[in-house]
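Structural features, examined
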Amino acid sequence: MSRPLRIAVVGFGMGGSALAWRLAEAGNEVVVFEQAPSTGPVGAGILLQPNGQAVLEHFGMLDEVEALGTTITGLDARHRSGRRLTTLDYSMLGSPSLGSPSLGPGLHGIGIMRSSLFSLFAQRCERAGVEVATGHRVERYRQTGEEVEPLNETGESLGSFDLLVASDGSNSRLRSHAVETNPALRARVIDYAYGAMWMAAPFVGDQHRLVQVVDRSGRLIGMLPVGDGRCSFFWGIRLEEQASIEAAGLASWQRQVSEFSAEAGAIANAVPSLSEATFSTYRTARMNLPVDGRVVFVGDAAHATSPHLGQGLNLALVDAVVLAEALERHAEHRDALDDYAQRRRATTRFYTQMTGFLTPFFQTSNPALRVMRDLALPVMPLVPGLRSHMALTMSGLKRSWLSPIRPRRGLRSDPPHWR
Ligand SMILES: Cc1cc2nc3c(=O)[nH]c(=O)nc-3n(C[C@H](O)[C@H](O)[C@H](O)COP(=O)(O)OP(=O)(O)OC[C@H]3O[C@@H](n4cnc5c(N)ncnc54)[C@H](O)[C@@H]3O)c2cc1C
């Protein structure tokens, strides 16, 4: 853009912190409004996929991130009985059907604590002069042709800005405000009946595989190694279970987990208090257009996905690089935001549709869906073309149901999502 902009970023989460840093690095004046009284991410570990890693490499951070996390070679999903449901390996991307042999070798996921990644962005924000105002819940905004003002719960203005970036997460208040006030905007939101207790704990299993285990009741658990003999433990619950788990206390929950499986029980038994767990809800949400005048939506605020594909943060990172580059490239904010929306449309539509489709199969007590899942998942990776598509989807490299991305020189040297 022709002049430095004054930009308000609402939400200092994973995507907001990355974007705030990039915008400040580009010379803009950036103020972040975060509702929490202090900064820091909520939740335990996260799986960084090849698309997110490509962004981190572009930011010059990948080596540091790799050193803080651990390599994940693939995913094993199984029944509580031990019966295999599916196995997906990043190395499956070496398939010739991709048309790009250089994409496959060496690709992997990275399991890392959210706090480790967040700290890297927060430090960079500080160095780049980003102002972070905590304890400010932004509920709405008001805009004229020339400026936009974030408004708090009481309707008080928090200042005048050239742009407002809404990165207030999957339950975005600003998304609700946008669709309530702009008839051209719509958001499709599916709230799930399931959530998760999410915590870090010592782990003695395979340190390089993400393991997911399901049972017939709809329980889904996950163990993602994050390095140093620890894992991020995901204990799926129905939302109404939270109150009874908290009321019954730690020992009762540890017994319940141990009855589910000895491996999960060993993790739960090492958790000193239920306060170590984050109770999280999740949803699929997507806006038809992530732009409202001088307001632009990124990350989960624009396109939330359930955690089953491990894509939400990775998509938020790609949003950050695409938006920062669009603002550099165009003189007019309108052109920059249109460019961002256009370049993110296909991929975010695919991943919200895909997680909306898969989530009821992954985490279900419905007998018909369960039977379909149990019959289909074991054979799908055995079908050569389908296997590559599944691995591409997991890696964050798909743009639509049919077309794989075909990078010209391989992912590392030619990050495909924003070129
Ligand atoms: C259990 C679980 C496991 C997951 N695992 C993975 C994974 O392995 N890989 C992956 O890529 N993704 C994963 N995700 C998804 C990932 O966490 C999100 O996609 C990612 O954090 C989105 O970043 P964001 O910046 O858009 O939102 P967030 O990181 O949620 O940040 C939103 C921020 O906005 C603040 N905020 C909210 N409302 C307001 C307001 N009104 N005013 C001011 N501030 C506000 C919040 O306090 C928060 O700091 C998982 C999610 C869950 C729940």
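Treat the numbers as computed from the prediction; the structure is a model and nothing was measured.

What counts, and at which threshold
Residues numbered from 1 in each chain as written. Predicted model: local features only at pLDDT ≥ 70, side-chain atom pairs only at ≥ 80, totals over all residues. Heavy atoms only, no water. Helix = DSSP H or I, 4+ residues; strand = E, 2+ residues; numbered from the N terminus. Rg over C-alpha atoms; globule rule 2.2 N^0.38 Å. Buried < 20%, exposed > 50% of the residue type's maximum accessible area, 1.4 Å probe, protein only. Contact = heavy atoms within 4.5 Å. Areas by Shrake-Rupley, 256 points an atom, 1.4 Å probe, with all protein chains shown as cover. Lys, Arg positive; Asp, Glu negative; His and termini not counted. Charge placed at Lys NZ, Arg CZ, Asp CG, Glu CD. Axes fitted to C-alpha atoms, helices over the stretch in contact; angles between N-to-C directions. Parallel < 35°, antiparallel > 145°, perpendicular 65-115°, else oblique. Left-handed = near helix turned anticlockwise from the far one by under 90°. Nonpolar A, V, L, I, M, F, W, Y, C, P; charged D, E, K, R; others polar.

Some remarks on the overall build of the protein
Looking only at helices and strands, the protein features 12 helices and 19 strands. In terms of overall size, the protein behaves like a compact globule, its C-alpha atoms giving a radius of gyration of 21 Å where 419 residues would be expected to give roughly 22 Å. Its C-alpha atoms give the protein principal-axis dimensions of roughly 60 × 55 × 40 Å. In the protein, which comprises 419 residues, the proportion classed as buried is 56%. Of the contacts formed within the protein by residues at least 6 apart in sequence, a portion of 71% connects residues at least 24 apart. Carbon and sulfur atoms make up 52% of the accessible area of the protein, which totals about 17,000 Å². In the protein, which carries 42 positive and 41 negative side-chain charges, the distance between the mean positions of the two groups comes to 8 Å.

Remarks on the packing of helix α1 (residues 14-25) against helix α9 (residues 312-329)
Between α1 and α9, whose axes approach to 9 Å, the crossing angle comes to 25°. Relative to α9, the element α1 lies roughly parallel. Both α1 and α9 take part in a crossing whose hand is right-handed. Residues Met14, Gly15, Ala18, Leu19, Arg22 and Leu23 of α1 form the contact with α9, whose participating residues are Leu313, Ala316, Leu317, Ala320, Leu323, Ala324 and Leu327. Here the contact of α1 with α9 is composed, by residue class, of 11 nonpolar, one polar and one charged.

These results come straight from atomic positions and should not be treated as a statement about function.
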